[in-house]
Amino acid sequence: MENTHLLSLLVLWLNFMLQVIPMRLASTYMELLIGILMSSGGHVTDALLAVGHRKKFSTYYWLLTHGKWKWTQTPKQFIRLVTFFFPRLEWNLIVDDFINPRSSKKVPYGAYCHDHGQKPNRPQFIWGQQMVALGLSISYGKIWASLPLVLRVHKGTGNRSKITTAVFLVRWLAPIFRQAGTKKLRVLVDAWYMKGPFILPLLKQRIHVIGQVRKDTVLFDFPIEQNNHRRGRPRKYGRKWTLQDFKEHLSLHTANLRIYGNKPKRVKYYSKKLKARFLKGEPVIAVWSQLPKQKSWTLILSTDLDLTPEQIIKLFSKRWKTEPMFNEIKHFFGVAKAWQRSSRSLHRWLSMLSLAYALTRLLSLIMNTKKNREALPPIPWRRKSPATAGLTRMAVQVFFRRFGFWMLWKPKYKKLILENEQFLRQRTTTRQQS
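The model shown is predicted, which means the values in this text are computed figures rather than measured ones.

Novice: Explain the overall build of the protein chain to me, and be specific about the residues and the numbers.
Specialist: Tallying secondary structure elements over the protein chain gives 14 helices and 14 strands in all. What you see for the protein chain is a C-alpha radius of gyration of 24 Å, in line with the 22 Å of a compact globule of 434 residues. Its C-alpha atoms put the protein chain at 90 × 50 × 45 Å along the principal axes. Sorting the 434 residues of the protein chain into buried and exposed places 51% on the buried side.

Written out as structure tokens, the structure reads:
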């Protein structure tokens, strides 16, 4: 690899994440995390075999089950990392969920979950773990990506639903963004989470929500102020608005937006500021949009009144980035195969898997620039394709296979220390010649 400054950046990020881990557990945690980067399976043994562990297996078992460290500090530290290296005043979070199918009845928080995929070879309700994910939508240049912050296993029993779990995750991590000087925080969700119990608690925390709603959502205009004094309380709503009213009373707008892909699409839309009844009269911006090959219209609501309709359509399209993130993190980083007996050890292992994916995906955004493309493995049929988390992990695997973990780990300083670039290039060229 010629661009060793990218590897030094990755080492810097790993050392930064190590600050929330106790010093006595630093080497074990870092060795297991690098093993995840080098392996493709979700089992602990896959990570240990890939990194070439020197300690006994009971050491890593004790780290996940009985070690005195908090996995809840990992997403907070990762947010501090992202806000420091990629500063901006507005951040967009993404809330979504998926199902991890299981066969064992002893899996933590296992339950029969409704599968929304509607696949022909799968029943409507499957046994598995319901995962509520909180992600972060981030851009670097013209490339957008979704990074996982927290993967929370939803408990099927009790009074807590997926909505209350999602609200807890957003309110839990929102203060970390506030500490970084964030002026505006938004949450992008799909139609299932666009409900009053989810939106109203977030509005009290000055967190805006953008998402798609049902087409029969009741929207009202603002009431007309009357000068005469009439008995009773003042009117809360005006006239009711439907899609037919939008078409009759508003003008149709068209715009070429670069959404759902690299090519611009001609989008038609109507927009108006109204009041939503399911939000108890909170003002929203209602946008009816239609894509070129779409027959029906889509209703998108935004509680952020400072946005234009085109910005709302663009931001809502970024929510779709969670779907490829789920695919990669489940099948290429081993979340679908992650197995632990207790809920605490499972959340610890999931936090390490999501952190490994987030770091590689974050590094892939930087590798998409022309000057950093040389750091990727030479694949002839993918020269012009964008750098993904999988390609970035291949580059990281090549590096750690040449320079093992114990060659970079310094026990005296309890962190990874990368040697100077000139020495790394000399060692790389000598190994290639031999």
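Don't stop here, the text continues.
Novice: Which residues make up the pattern of salt bridges, and what values do they have?
Specialist: Overall, the coordinates contain 9 salt bridges when judged by the stated rule. Two residues, D306 and K184, come together in a salt bridge whose shortest N-O distance is 3.1 Å. Taken as a pair, D306 in the loop between β12 (298-302) and α9 (309-317) and K184 in strand β5 (residues 184-189) lie far apart in primary sequence, 122 residues in all. A relative accessible area of 15% means that K184 is categorised as buried. D304 is the salt-bridge partner of R186, the closest N and O atoms lying 2.9 Å from each other.

Novice: Any chance you could break down a positive patch on the surface for me, citing the residues and the numbers?
Specialist: A surface patch of positive charge is lined by R171, K204, R233, K236 and K280. Its place among the elements puts R233 in the loop between β7 (219-220) and β8 (240-241).

Novice: Can you break down the packing of helix α2 (residues 26-38) against helix α11 (residues 343-367) residue by residue, with the values?
Specialist: Close contact between α2 and α11 brings their axes to 9 Å; oriented N to C, the two are set at 60°. When the interaxial angle is binned, α2 and α11 end up oblique. Crossing angle aside, the handedness with which α2 passes α11 is right-handed. Residues Y29, L32, L33, I36 and L37 of α2 lie in contact with α11, whose contacting residues are W349, M352, L353, L355, A356 and T360. Taken together, the residues of the contact of α2 with α11 sort by class into 10 nonpolar, 1 polar and no charged.

Novice: Explain the nonpolar core to me, and be specific about the residues and the numbers.
Specialist: Ranked by size, the top nonpolar core spans 117 residues in total, and within it L32, F78, L149, F198, W349 and L362 carry the most contacts. Considering each element in turn, this core owes the most residues, 15 residues, to α11.

Novice: Can you explain the side chain of Q290? Please cite residues and give values.
Specialist: Topologically, Q290 is positioned in strand β11 (residues 282-290). Overall, the relative accessible area of 12% leaves Q290 in the buried class. Polar contacts involving the side chain of Q290 include one to the main-chain carbonyl oxygen of Q294, which spans 2.9 Å.

Novice: Can you tell me about the packing of aromatic side chains, naming the residues and giving the values?
Specialist: For any pair of aromatic rings, geometry is given as the distance between the ring centres together with the angle between the planes. Scanning the entire structure with this criterion turns up 18 aromatic pairs. Arranged with centres 5.0 Å apart and planes meeting at 75°, the rings of F405 and W406 form a pair that is edge-to-face. Taking relative accessible area as the criterion, F405 reaches 3% and is therefore assigned buried. By relative accessible area, W406 is classed as partly exposed at 24%. Taken together, W13, F84 and F85 form an aromatic cluster joined through their ring pairs. One Lys or Arg, K195, reaches over the ring of W192 and ends 4.3 Å from the middle of that ring. When the ring centre of F333 is taken as origin, the NZ or CZ atom of R393, which lies over that ring, is 4.4 Å away.

Novice: Before we move on, can you summarise the pairing of β12 with the specific residues and values?
Specialist: Taken across its 5 residues, β12 has 5 buried, putting it largely inside the fold. Covered by surrounding structure in β12 are T298, I300 and S302 together with L299 and L301, the residues of both alternating faces. The pairing of strand β6 (residues 207-212) with β12 spans 3 bridges and is classified as antiparallel. Among the inter-strand pairings, G211 is bridged to a residue of β12, identified as L301. Where β11 meets β12, 5 bridges bridge the pair, whose relative direction is antiparallel. Bridged to A286 within β12 is L301.

Novice: Can you explain the environment of N15? Please cite residues and give values.
Specialist: Checked against the element boundaries, N15 lands in helix α1 (residues 4-17). Overall, N15 belongs to the buried group, its relative accessible area being 16%. Residues N15 and Q311, spaced 296 residues apart in sequence, show a C-alpha to C-alpha distance of 37 Å. Filtering out sequence-adjacent residues up to four positions away, N15 remains in contact with K415 and L416. For N15, the side chain forms a polar contact with the main-chain oxygen of L416, separated by 2.8 Å.

Novice: Just give me the short version of the packing of helix α6 (residues 162-179) against helix α7 (residues 196-204), but keep the residues and values in it.
Specialist: The N-to-C vectors of α6 and α7 enclose an angle of 20°; their axes lie 9 Å apart at closest approach. With respect to their mutual orientation, α6 and α7 come out roughly parallel. With respect to the hand of their crossing, α6 and α7 are arranged in right-handed fashion. Side by side, α6 and α7 meet where I163, A166, V167, V170 and R171 of the first sit next to P197, F198, P201 and L202 of the second. Class assignment for the residues of the contact of α6 with α7 results in 8 nonpolar, no polar and 1 charged.

Novice: With reference to specific residues and values, describe helix α12 (residues 389-402).
Specialist: Relative to the 20 Å expected for 14 residues at 1.5 Å per residue, α12 spans 20 Å between its end C-alpha atoms, a close match to the ideal helical length. Of the positions making up α12, those classed as buried are A389, L391, T392, R393, A395, V396, Q397, F399 and F400.

Novice: Mind laying out the environment of L202, listing which residues take part and the relevant values?
Specialist: Locating L202 in the fold gives a position in helix α7. The class for L202 is buried, based on a relative accessible area of 0%. If we ignore the near neighbours within four places in the chain, the residues touching L202 are V167, V170, R171, V187, I207 and V209.

Quick notes on the rules
Residues numbered from 1 in each chain as written. Predicted model: local features only at pLDDT ≥ 70, side-chain atom pairs only at ≥ 80, totals over all residues. Heavy atoms only, no water. Helix = DSSP H or I, 4+ residues; strand = E, 2+ residues; numbered from the N terminus. Rg over C-alpha atoms; globule rule 2.2 N^0.38 Å. Buried < 20%, exposed > 50% of the residue type's maximum accessible area, 1.4 Å probe, protein only. Salt bridge = Lys/Arg side-chain N within 4 Å of Asp/Glu carboxyl O. Patch = residues over 30% accessible without salt bridge, like charges linked within 9 Å, V, L, I, M, F, W, Y side chains within 5 Å. Areas by Shrake-Rupley, 256 points an atom, 1.4 Å probe, with all protein chains shown as cover. Lys, Arg positive; Asp, Glu negative; His and termini not counted. Charge placed at Lys NZ, Arg CZ, Asp CG, Glu CD. Axes fitted to C-alpha atoms, helices over the stretch in contact; angles between N-to-C directions. Parallel < 35°, antiparallel > 145°, perpendicular 65-115°, else oblique. Left-handed = near helix turned anticlockwise from the far one by under 90°. Contact = heavy atoms within 4.5 Å. Nonpolar A, V, L, I, M, F, W, Y, C, P; charged D, E, K, R; others polar. Core = buried A, V, L, I, M, F, W, Y, C linked by side-chain atoms within 4.5 Å. Polar contact = N/O pair within 3.5 Å; in protein donor to acceptor, adjacent residues only side chain to side chain. Phe/Tyr/Trp six-rings, centres within 6.5 Å; stacked < 30°, edge-to-face > 60°. Lys NZ or Arg CZ within 6 Å of the ring centre and 35° of its normal. Pairing = 2+ DSSP bridges. Expected span 1.5 Å × (residues − 1).

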